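# Structure at a glance
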Amino acid sequence: MNVVVLRLGHRYARDKRLSTHVALTARAFGASEVVFDAPDTEVRKSIEAVNRAWGGVFTVSWTGNWKKYVKDFPGDVIHLTMYGLHVNLAIDGIRKSSSDKLVVIGSQKVPAEMYQLADFNIAVGSQPHSEVAALAVFLDRLFETRELDMDFNGLKKIVPQARGKKIV
Ligand SMILES: C[S@@+](CC[C@H](N)C(=O)[O-])C[C@H]1O[C@@H](n2cnc3c(N)ncnc32)[C@H](O)[C@@H]1O
């Protein structure tokens, strides 16, 4: 099952740090690609540098037509929103299908049409928080924690330590 993250409402420059965190989180928690609704070569360059050092083939791309991208996606579309169905109640149903997943997150106000285009509108608790937090929790539930043990086969690898840092 391939997982792609679509972030809506990306504003170049202003959102660079948060968008980089969205991409890093998607990469570390098992997605294969992040798609923005506006070009951002800076975020792409930072993630390519992370791939070179820490491994994996995670990609950053963008679309000029997010509605078409969502409609054409060959798999299940999951929109993360605090107004959706509670993730704890919905996750088993989502996991039942082995189809690829498009996980959509917003930044500020998400266009109303997104709620209709989604196969699932899912809330990670019914309180407002952050797209990065919602994405991390959702992917962790989707992969049932297995994503944290993925081998990225990178040039650098951390050896977990009780204290201090060890990189081989
Ligand atoms: C600044 S929040 C805006 C909150 C927004 N009113 C909403 O619909 O969730 C930006 C993004 O974070 C995600 N988000 C925030 N809280 C969430 C929650 N409790 N459950 C799922 N996603 C959430 C959504 O993807 C949202 O578009």
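The structure under discussion appears in the preceding block.
Worth saying up front: this structure is predicted, and the values here are computed from it rather than measured.

Let us look at the overall build of the protein chain. Helices and strands together make up the secondary structure of the protein chain, namely 6 helices and 6 strands. Helices and strands in the protein chain line up, N terminus first, as β-α-β-α-β-α-β-α-β-α-β-α. Computed over its C-alpha atoms, the radius of gyration of the protein chain comes to 16 Å, within 12% of the 15 Å expected for a compact globule of 168 residues. Sorting the 168 residues of the protein chain into buried and exposed places 40% on the buried side.

This part is about the sheet that holds strand S2 (residues 33-36). The sheet built from 6 strands is open, its strands ordered S3-S2-S1-S5-S4-S6 with parallel pairing. Among the strands making up the open sheet, the edge pair consists of strand S3 (59-62) and strand S6 (120-123). With direction set aside, neighbouring strand axes in the sheet form an average angle of 30°. Sheet topology places strand S1 (residues 3-7) next to S2; 4 bridges connect them, and they run parallel. Across the sheet, Val5 pairs through a bridge with Val34, a residue of S2.

Right, let's talk about the site of the ligand for a bit. As a matter of local geometry, the ligand sits amid 19 residues, with Leu80, Thr81, Val124, Gly125 and Gln127 nearest to it. Between the ligand and Met82, the relevant distance is 3.0 Å, taken from an oxygen atom to a main-chain nitrogen or oxygen of the residue. At 2.7 Å from a nitrogen atom of the ligand is found a main-chain nitrogen or oxygen belonging to Gln127. Coverage of the ligand by the protein chains reaches 85% of its 530 Å² of free accessible surface.

Further remarks concern the pairing of S2. Judged from the 4 bridges that link them, S2 and S3 form a sheet pairing that is parallel. Counted as the bridge partner of Glu33 is Thr59 from S3. Between S2 and its parallel partner S3, the chain crosses via helix H2 (residues 41-54), and the hand of that crossover is right-handed.

Before going further, it helps to examine the packing of helix H1 (residues 16-28) against helix H6 (residues 131-142). Each pair of packed helices can be described by the angle between their axes along with the distance between the axes. H6 packs onto H1 with a crossing angle of 5° between their chain directions and a minimal axis gap of 10 Å. One finds that H1 runs roughly parallel with respect to H6. Packed against H1, whose contacting residues are Leu18, His21, Val22, Thr25 and Ala26, the element H6 presents Glu131, Val132, Leu135, Ala136 and Leu139 at the interface. Tallied by class, the residues present in the contact of H1 with H6 amount to 7 nonpolar, 2 polar and 1 charged.

About the criteria used
Residues numbered from 1 in each chain as written. Predicted model: local features only at pLDDT ≥ 70, side-chain atom pairs only at ≥ 80, totals over all residues. Heavy atoms only, no water. Helix = DSSP H or I, 4+ residues; strand = E, 2+ residues; numbered from the N terminus. Rg over C-alpha atoms; globule rule 2.2 N^0.38 Å. Buried < 20%, exposed > 50% of the residue type's maximum accessible area, 1.4 Å probe, protein only. Pairing = 2+ DSSP bridges. Axes fitted to C-alpha atoms, helices over the stretch in contact; angles between N-to-C directions. Near = heavy atom within 4 Å. Polar contact = N/O pair within 3.5 Å; in protein donor to acceptor, adjacent residues only side chain to side chain. Areas by Shrake-Rupley, 256 points an atom, 1.4 Å probe, with all protein chains shown as cover. Right-handed = clockwise from strand over helix to strand, strands pointing away. Parallel < 35°, antiparallel > 145°, perpendicular 65-115°, else oblique. Contact = heavy atoms within 4.5 Å. Nonpolar A, V, L, I, M, F, W, Y, C, P; charged D, E, K, R; others polar.

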